[in-house]
Amino acid sequence: MHSTKFRQPARTQRARLTRLPLAAAICLAMTSPAFAQDAGQTQAPATTPPAEQKAATLESVIVTAQKRTENLQKVPVSIQVLGTEKLEELHVKNFDDYVKYLPSVAYQTFGPGFAQIYMRGVASGGDGNHSGSLPSVGVYLDEQPVTTIQGPLDIHMYDIARVEALAGPQGTLYGASAEAGALRIITNKPDPSGYAANYSVGTNAVDGGGVGYTAEGMVNIPISTNSAIRLVGWHEHDAGYIDNTVGTRTFPTSGITVSNAKNCASTPLLECTGLARNNYNDADITGARAALKINLNDDWSISPTVMGQRSVVNGNFAFDPAIGDLEINHFYPEKTTDRWWQAAMTVEGKIGIFDVTYSGAFLRRSTDEHNDYSDYSFWYDTLYGYGAYLYDNSGNLINPSQYIPGLDRYTKKSHELRIASPADERLRLVAGVFWERQLHDIQQEYKVNNLADSLSTPGWPNTLWLTKQVRIDRDEAVFGELSYDLIPETLTATVGGRYFRSNNSLGGYFGFSSGFFPGSSYGEAGCISPEPFHGAPCLDFDKSVKETGSLGKVNLTWQITPSKMVYVTRSEGFRPGGINRRGTLPPYKADFLTNYEAGWKTTWLDNRLSFNGSVFSQDWKDFQFSILGANGLTEIKNANQARINGLESELNWAATYNLQLGAGLAFYDAKLTANYCGFTDANGTPVTDCPAPEAPKGTQLPVTPRLKGNLLARYTFDIGDKEAFLQAAAVHVGERQSDLRLYERSLLGTLDAYTTLDLSAGIRKDRWAVDVYLNNVFDTRAQINKYTECAEAVCAAHNVVPQYPNGQVYTVTNQPRTIGIRFTQDF
């Protein structure tokens, strides 16, 4: 939503001017992230007339969303931007921090690195399984895609030039997984023109939780007149605020009780794990980036970059309302270590009149997870006597609690080569080729301590169920967009297209041992090959799905005046199909999104006020929908059809030279246009004619609110020779539905609307600055996500267990009220 930059005169001139009273600033406090970058100071001549000194303007922002450098106000796409200084002003450190200021974006999360991102209401929900559908929103780090099958990297936000959020299908230029939009994180680049350095240190305290801190540093070193290196590093400790309280759980079949108390003493009918702890969900993030830029000559440059991050995340980021506010009662280890690094290369140059760009990257990501899965065991034992089937080598019933050690290994390779004709020509072209291959090596052990050897997966002691699979997703494409000025500088027509070819496969082992389930069609009893598969007993299945197709785009843009533009667009996006982890199920097919949009970008009052927006209608065909099926495995089906109508708008106002105001708003009406019956025909086509649909026509799609908006005000003033500021930022997210299916929705409940307020203040002098902030002032409990550890009809069963009258439903929430201080210095 950031289309402009606030410009103000130098401090020496501002001191003579009448300031807008603070009370008036608060009354008018309505600004959004629309200010892509903070106020820059330009020295005015001493003879500047007073009236001219008071002038405040909105300076244009440059983006590269359309794969060429352009003024944001001239780009006929709904784009929201957060620039370097705005990211710093809002104390943005991670995905959760910046996404709340992007009205077009909704999300679900289970903790750092496990977010599912949705844009413009294109959301069916799902369980966020690590091997589900490919995302409908692509995330890019500079030129390279960084969306793994599990989800995007949660990149620490320091020394970032800007975040661009492109709303609506970006299929022609960005292809698969940019079906509903794209997020682009653009880093600051090495600069040969001079030395620069910066560091920032800060600490914060969470209300009722722990203490966190952050240390960051950057140095830009010119090597020669045509080359430079930029080194960046960070370490962040996020305080925990979820308490794993002392509790017990008794399994009715065996009578065995499990306790997480630290002073517990085990007996034959009592097992002690000692994992109760306050502030259970703390995290440590450490990372670095090294970037080099070499200008080979006036036309060609090469920019290699290496970036990596390691996150160690403890505990769980959800709480159980049945236990208490910000409390949970778990018994087995919960920890995730997420390591990734990316090596990328961008080469830019000219061949004749064409700009040529090559971008390539290799990404490796590794996540080691430990999860408590005893809810599954408890509810299936309570309802179905599951524990009667689990015993030790002596035939005695055992504690049936399951826990999951998981290993996920990802590699992703991508290459893009494109050309762009001169931007000042009447006929303009952007065209290129793209290739990508990503591999996901999946290993999950569902373990039960003291499990009999005859019930364990051969070669995997105490493992009741084993998933050992390899998934490969391949994407190849040719793309292009051609623009022609029908009337120079006034009316422009654009057509675009993309031809794609995808080939996605999944194979391996999943299931029980033949001793536990001898008649199974999967697991050890369902082997199709006697040879071991990556250490698993055998190969259960090996399937692939291939798809080809094309996407199109048509746009007409009318530049009414140099400061006012309107446009209409028809665009398309898609998401590839794939193979279900449960290999006995049929593949799911690609889904497609068609967007019809009219938008405007305008500035007024001598470039002091901007008002941008768009209205649109999107048709979503055969959308992919994932659920937790039998044995807690994800099942993906093509659900049916939906339509999303919406409006997005932003208003930015440089009220005076020292007051920035604005607002951002998004409204969505996202509904099914056909029944969801819960099953498909033999060809994978959704069935719509059924007597009792799981979600009838007209059902609101989940996750996305009807209304999301933000307000922000920043007021600057002088204290002696120092510059000070006061800032307030408010975010509102409307009520959302937790699931597409009506029955499951009734068990989980709705996601309530919420409003948060962040306040900050600070001072700056010369090259140093200090600021304090109070986030989530009213300690609001945002309901970001609700989920169960097994099928909702089991783990959310009502009136079965007295302790859980509404089942065991977890709520992922935001960080409680947090107060912090930060010191920054530039060199």
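Now for a description of the structure that goes with this document. (Residues numbered from 1 in each chain as written. Predicted model: local features only at pLDDT ≥ 70, side-chain atom pairs only at ≥ 80, totals over all residues. Heavy atoms only, no water.)

## A short note on the sheet that holds strand 22 (residues 318-319)
Point 1. Pairing is antiparallel in the open sheet, where 3 strands are placed in the order 22-43-42. The open sheet has two free edges, formed respectively by strand 22 and strand 42 (785-787), since each of these has just one partner strand.
Point 2. Sheet analysis places strand 42 next to strand 43 (residues 810-812), joined by 3 bridges and oriented antiparallel. When the sheet's bridge partners are listed, N785 is paired in strand 43 with V812. (Pairing = 2+ DSSP bridges. Helix = DSSP H or I, 4+ residues; strand = E, 2+ residues; numbered from the N terminus.)

## Let's talk about the state of the cysteines
Point 1. Tallying each qualifying case throughout the model produces 4 disulfides.
Point 2. Each sulfur in the disulfide pair C264 and C272 lies 1.7 Å from the other. Taking the sign of the S-S torsion, -45 degrees for the link of C264 and C272, the bridge is left-handed.
Point 3. Residue classification places C272 among the partly exposed residues on the basis of a relative accessible area of 24%.
Point 4. Disulfide pairing is shown between C527 and C538; the S-S distance is 1.7 Å. Every disulfide takes its handedness from the sign of the S-S torsion; for C527 and C538 that torsion is -75 degrees, giving left-handed. Taken together, the residues span a long stretch of sequence, with C527 in the loop between strand 29 (491-512) and strand 30 (541-561) and C538 in the loop between strand 29 and strand 30 at a distance of 11 residues.
Point 5. Listing the disulfide partners of the chain by sequence rank of the bonded cysteines yields 1-2, 3-4, 5-6, 7-8. (Disulfide = S-S within 2.5 Å. Buried < 20%, exposed > 50% of the residue type's maximum accessible area, 1.4 Å probe, protein only.)

## Concerning the pairing of strand 24 (residues 335-351)
Point 1. Looking at chain direction, strand 21 (residues 301-314) and strand 24 are connected through 14 bridges and run antiparallel. Each residue of the ladder has a partner; that of S303, found in strand 24, is T346.
Point 2. Bridge count between strand 24 and strand 25 (residues 354-372): 17 bridges; the pairing is antiparallel. In the sheet register, I351 faces strand 25, and the bridge partner there is F354.
Point 3. Linking strand 24 back to strand 25 in an antiparallel pair, the connection comprises 2 residues, with G352 at a positive phi of about 65 degrees.

## Here's the deal with unusual backbone geometry
Point 1. In this structure, N450 is a non-glycine residue whose phi angle is positive, near 70 degrees.
Point 2. The topology assignment puts N450 in the loop between strand 27 (427-447) and strand 28 (463-487).
Point 3. On the basis of relative accessible area, N450 is assigned to the partly exposed category, the value being 48%.
Point 4. A positive phi angle, close to 55 degrees, is found at N799, a residue other than glycine.
Point 5. With respect to the helices and strands, the residue N799 is situated in the loop between helix 9 (792-795) and strand 43.
Point 6. Residue class for N799 comes out exposed when judged on its relative accessible area of 69%.

## Some thoughts on the packing of aromatic side chains
Point 1. This model, assessed by the stated rule, comprises 34 aromatic pairs.
Point 2. Relative to F574, the ring of F500 lies with its centre 3.8 Å away and its plane at 15 degrees, an arrangement referred to as stacked. Separated by 74 residues along the polypeptide, F500 in strand 29 and F574 in strand 31 (residues 564-575) bring together distant segments of the chain. Comparing F500 with F574 shows no difference in burial state: the two are buried.
Point 3. Between F616 and Y668, the ring centres sit 6.0 Å apart and the planes meet at 50 degrees, which makes this aromatic pair tilted. With F616 in strand 33 (residues 609-621) and Y668 in strand 37 (residues 659-672), this pair connects stretches of sequence that are 52 residues apart.
Point 4. Judged by its relative accessible area of 6%, F616 is buried.
Point 5. These aromatic residues form a ring-pair network of at least three members: W465, F510, F512, F516, F517, Y522 and F541.
Point 6. Lying across the ring of F616, R120 places its NZ or CZ 3.9 Å from the centre. (Phe/Tyr/Trp six-rings, centres within 6.5 Å; stacked < 30°, edge-to-face > 60°. Lys NZ or Arg CZ within 6 Å of the ring centre and 35° of its normal.)

## Brief notes about the pattern of salt bridges
Point 1. Summed over all chains, the structure comprises 44 salt bridges.
Point 2. The salt bridge involving D368 is made with R339; its shortest N-O contact spans 3.3 Å. Here D368, found in strand 25, pairs with R339, found in strand 24; they are 29 residues apart in sequence, far enough to count as distant.
Point 3. When the shortest N-O distance is used, the salt bridge between D368 and R409 registers 2.9 Å. Remark: R409 occurs in strand 26 (residues 403-420) and D368 occurs in strand 25; sequence separation between them is 41 residues.
Point 4. For R409, a relative accessible area of 31% translates into the label partly exposed.
Point 5. Among the charged side chains, a salt-bridge network with shared partners connects K67, E143, E416 and R418. (Salt bridge = Lys/Arg side-chain N within 4 Å of Asp/Glu carboxyl O.)

## Side note on helix 7 (residues 374-384)
Given 3.6 residues to a turn, an α-helix orients residues that are three or four positions apart in the same direction.
Point 1. Within helix 7, 8 of the 11 residues are buried, leaving the element largely enclosed by the surrounding structure.
Point 2. Among the residues of helix 7, S374, D375, Y376, S377, F378, W379, Y380 and D381 are the ones counted as buried.
Point 3. Check the buried side of helix 7 and you find it contacts strand 17 (248-250), strand 25, helix 9 and strand 43.
Point 4. Remark: G385 follows helix 7 within two positions and exhibits a positive phi of approximately 65 degrees. (Contact = heavy atoms within 4.5 Å.)

## Some remarks on the sheet that holds strand 18 (residues 257-259)
Point 1. Read from one edge of the open sheet, 3 strands run 17-18-19, paired in mixed fashion. With one partner strand each, in any of the chains shown, strand 17 and strand 19 (270-272) form the two edges of the open sheet. Averaged over all neighbouring strand pairs, the angle between strand axes comes to 20 degrees, with direction disregarded.
Point 2. Here strand 17 pairs with strand 18 via 3 bridges, running antiparallel. (Axes fitted to C-alpha atoms, helices over the stretch in contact; angles between N-to-C directions.)

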